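Geometric and topological summary
So you can see what is in the structure, the chains are spelled out below.
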Amino acid sequence: MRCGFCGHEFEEHEGNVGCKNCPMSSGCKMVKCPRCNYENPPEPALIKGLKKVFSAKKKTN
Amino acid sequence: MSFFKKKGSCHEAATVAASGAKKVALVGNPNVGKSVLFNALTGAYVTVSNYPGTSVEVSRGSTAINGEEFEIIDTPGMYSILPITEEERVAREILLTERPHLVLHVLDARNLERMLPMTLQLIEAELPVVLVVNIMDEAARMGLEIDIPLLSKRLGIPVIGAATAKKIGVPEIRAAIAGSSSCAVPPFTYSRLMEGDIAEICQSLRGEYILSKKAIALLLLQDDAEVANLVRETEGVWFPGVQTVVREKRFERRESFHLDLSMERKAIVKGILDGAFKAPEKRVVTLAERFSRWTVRPATGIPLLLIVLYFGLYQFVGVFGAGTLVDFLEGKVFEEHFNPWIIEIVKLYVPWGMLQELLVGEYGIITLGFRYAVGIILPIVATFFLFFSVLEDSGYFPRLALLVDRVFKTMGLTGRAVIPMVLGFGCDTMATMVTRTLETVRERVIATVLLALAIPCSAQLGVIMSLLSQTPGALLTWGVCLLLIFLLVGLLAAKVVPGETPMFYMEIPPMRLPQFGNVLTKTYTRMQWYFMEILPLFILASVLLWLGKITHFFEKMIEAMTPVMASLGLPKESAVAFIFGFFRRDYGAAGLYDLQTKGLLNARQLTVAAVTLTLFIPCVAQFLIMKKERGWKVAIAIGLFVSGFAFGSGWLLNRFLLATQLL
Ligand SMILES: [Zn+2]
């Protein structure tokens, strides 16, 4: 994914964690850019799934 | 530092990892597509870990080419082999300690001239370099022509044209990795004076180094402390001799060495690119580029910012979202249809009065909590996050950071603080957490105060704007008040909290038209997150308020706050909004919305209440985060200061408005 602030490209799992101990909720699941720490929304599972289906199709073609 | 030990030939220097794999280091500026290339090369098996003793993360993965295993290392972004940031230091250390079999320097074809000096440094250090000119597709679109073979001939190293995002050039890169690497011998020289200086220092160096002596000499001349230490260790008794030569040379140049060297490197790059790089006669300045320049210059950037705020925030979020949409959802759907219907149903099936009250009473879970959350807050945050995602996807935020850097400097902050401030308009709680990324404690404290005080969160902002937009004078007063307070408190804080303002440097990604899919995805995700977070809180707040009501505690609190409200010139009912506001900022604003629709506030009272409420105590969540990030003492101090300041400002504003009869 691409950071919405600095444009840094990184994998979702590379993002920094930090809000897991937020007292008001169980963490907001935002993905923090490893370079600038801007909080990016993660890709929803639905869209990730769709992308996977499409890329799989492309490969088989 | 034992890593600068003996250097034989490059082939000897190439190490073999514990697993037996040769190492390949990806180096280059940020934003040149290094990570994309890394992913294209490595696939699934990737480990990310902090570089020992630092907070810098380094990714490693492996790939097999022609049956041989290679370890790929994605180094942090670096601009030069002379490190300034911790990231650059780590990147250089990887080059030195891990002795890669191959160094892939990835650069952006569109910024070839600016990035080639680092290639020169890598060649000069006699590292086994392969140059990857990335983003060739974009460069071609801009009309730039790059003669890759000629570039390769002039640099004396393999050069590969690529567009890694489209997987173009990846097979060639894999082939280069599998091929035998060779030491580059620099085919370029500096001025006679410079070469003379370098030669003298090289002669005084007797030890063996991983980097070429020429590179070591240049780093010494540039006053690189790490390299100086290393040379001290390696040279032992000979070090004072080296030091004398270096000092002499530096003195002759009156410390202008950095500048001289970078000028010479630029000239060399110009020579190399002559004929190998062609920009179109009339360079195609894309609209995005022109626009990008306008956004960062104060003369055009500030008006542009105001236009963005007016159309995005005022018209779209304020008038459309908080006006039209809320009128429809809250006014029509809830007040006219849903609430009467649910009240009837509950009254019919739930016999117990207390429970009726809890569900559909004045502060009922459904009639208040749910109505606020869905009818008022949801349309506002939806439009806000849509606007926010459009700005985000266009690449506007880093430009905003540059634009405000100057103003922020006077407040002891840098443009970097834009990240938490911008996030604050979404939710102050998460923004407070993000302040930990600011460089100095001083910056963090100042940013925390400003967030707690003067940055309203999205929902609060939307509600307040929709309320005040009905009386434009009120909106203007509110805006001016907050801006003044923001600047004033910032300036004061910078005076009170000791320390220096750090430097701010930022690489700006290209501007682009927001992509519809991206914007929708981001908006959807943010809304989902927000809604999931607020709904339980709104329900909890409803329960607490209901408890307060049946135990009459709530009335006593309102009673207790009546004098405070009176001193602000507000009716006692407005205490409710402030009590709501402590649960959540947006809840308080929604309470204000209710009061206004009931016709309890005139323009002056509305303005005073809005200003006080915006400044007023951060919500519970934000307070807890402040405590967590800054500790009890600072959090309580900020909380007290903010509350006092809010009511003080409200009082002052009320006096002012009464005296001037402005509203
Ligand atoms: Zn970022």
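Residues numbered from 1 in each chain as written. Chains lettered and ligands numbered in written order. Predicted model: local features only at pLDDT ≥ 70, side-chain atom pairs only at ≥ 80, totals over all residues. Heavy atoms only, no water.

Naming follows an unreviewed UniProt entry, where chain B appears as Ferrous iron transport protein B of Citrifermentans bremense. The UniProt entry for chain B carries this comment under Sequence similarities (unreviewed entry): "Belongs to the TRAFAC class TrmE-Era-EngA-EngB-Septin-like GTPase superfamily. FeoB GTPase (TC 9.A.8) family." Database annotation for chain B, UniProt heading Function (unreviewed entry): "Probable transporter of a GTP-driven Fe(2+) uptake system." (UniProt positions renumbered as here; feature names shortened; annotations may be inferred.)

Okay, the packing of aromatic side chains next. Residue and element names in this part refer to chain B. Throughout the structure, instances matching the rule amount to 13 aromatic pairs over all chains. Note on Phe-334 and Phe-338: the rings are 5.3 Å apart at their centroids and 75 degrees apart in plane angle, and the pair reads as edge-to-face. Here Phe-334 and its partner Phe-338 are both found in helix H14 (residues 298-349), four residues apart, which amounts to about one turn of the helix. Take Phe-334: its relative accessible area is 5%, and that puts it in the buried class. (Phe/Tyr/Trp six-rings, centres within 6.5 Å; stacked < 30°, edge-to-face > 60°. Helix = DSSP H or I, 4+ residues; strand = E, 2+ residues; numbered from the N terminus. Buried < 20%, exposed > 50% of the residue type's maximum accessible area, 1.4 Å probe, protein only.)

Looking now at the environment of B:Pro514. Residues and elements named next belong to chain B. Locating Pro-514 in the fold gives a position in the loop between helix H22 (472-496) and helix H23 (516-550). The exposure class of Pro-514 is partly exposed, given its relative accessible area of 31%. Between the C-alpha atoms of Pro-514 and Val-390, which are 124 residues apart in sequence, the distance is 5.8 Å. Excluding its chain neighbours within four sequence positions, the residues that come into contact with Pro-514 are Val-390, Asp-393, Ser-394 and Val-519. (Contact = heavy atoms within 4.5 Å.)

The method is simple in principle: a probe with the dimensions of a water molecule rolls over the atoms, and the space it marks as empty is what remains. Residues and elements named next belong to chain B. What the second largest pocket holds in volume is close to 1,500 Å³. For the second largest pocket, the lining is made up of 44 residues, of which Leu-305, Leu-306, Leu-309, Phe-425 and Leu-483 are closest to its centre. If you list the elements that add at least two residues to the lining of the second largest pocket, you get H14, helix H16 (365-394), helix H17 (396-410), helix H18 (418-424), helix H21 (458-468) and H22. When the residues that make up the lining of the second largest pocket are grouped by side-chain class, the tally is 41 nonpolar, one polar and two charged. (1 Å grid on protein atoms, 1.4 Å probe; cavity = no way out; pocket = protein on both sides within 12 Å on 5 of 7 lines; lining within 4 Å. Points joined across faces, edges and corners; volume = space filled by probe spheres on them. Nonpolar A, V, L, I, M, F, W, Y, C, P; charged D, E, K, R; others polar.)

The subject of this paragraph is the UniProt feature "transmembrane region" (unreviewed entry) in chain B. Residues and elements named next belong to chain B. Under the UniProt annotation, "transmembrane region" (unreviewed entry) lies at residues 302-326, 372-391, 445-468, 475-497, 529-548, 560-583, 603-625 and 632-653. Structurally, residues 529-548 is divided into 100% helix and 0% strand, and its ends, taken at the C-alpha atoms, are 29 Å apart. For the annotated span residues 632-653, helix accounts for 100% and strand for 0% of the residues, and the straight-line distance between the end C-alpha atoms is 31 Å.

All right, on to the confidence of the model for chain A then. Residues and elements named next belong to chain A. Taken as a whole, chain A shows an average pLDDT of 66; of its residues, 61% reach a score of 70 or greater. Averaged pLDDT values over the elements of chain A bottom out at 63 in helix H1 (residues 45-60) and peak at 78 in strand S2 (residues 39-40). This stretch, residues 20-25, has a pLDDT under 50; its non-local contacts, to residues over four places away or in other chains, come to twelve contacts. (pLDDT = per-residue confidence, 0-100.)

Residue and element names in this part refer to chain B. The pairing of strand S2 (residues 46-50) with strand S3 (residues 57-65) spans five bridges and is antiparallel. Its bridge partner being in S3, Val-48 is matched across the sheet by Ser-59. Connecting the antiparallel pair S2 and S3 is a turn made up of six residues, with Gly-53 showing a positive phi of about 75 degrees. Between S3 and the antiparallel strand that follows it, strand S4 (residues 68-74), lie two residues; Asn-66 among them carries a positive phi value of about 50 degrees. (Pairing = 2+ DSSP bridges.)

All names here are of chain B. Of note, Arg-99 is a non-glycine position whose phi angle comes to about 40 degrees, a positive value. By the element assignment, Arg-99 lies in the loop between helix H3 (86-97) and strand S5 (102-108). You will see that Ile-135, though not glycine, has its phi angle at about 60 degrees, which is positive. With respect to the element layout, Ile-135 can be found in the loop between strand S6 (129-134) and helix H5 (136-141).

Right, let's talk about the sheet that holds S6(B) for a bit. Residues and elements named next belong to chain B. One open sheet holds the seven strands; their spatial order is S2-S3-S4-S1-S5-S6-S8, and the pairing between them is mixed. The sheet is open, and its two edges are formed by S2 and strand S8 (159-161), each paired on a single side. On average, each strand axis in the sheet is inclined to that of its neighbour by 25 degrees, with strand direction left out of account. (Axes fitted to C-alpha atoms, helices over the stretch in contact; angles between N-to-C directions.)

Residue and element names in this part refer to chain B. The element S4 is largely enclosed, with a buried count of five among its seven residues. Of the pairings in the sheet, the one linking strand S1 (residues 22-27) to S4 comprises five bridges and is parallel in character. Pairing of Ala-25 across the sheet is with Ile-73, part of S4. Alignment of S3 against S4, held across seven bridges, turns out to be antiparallel.

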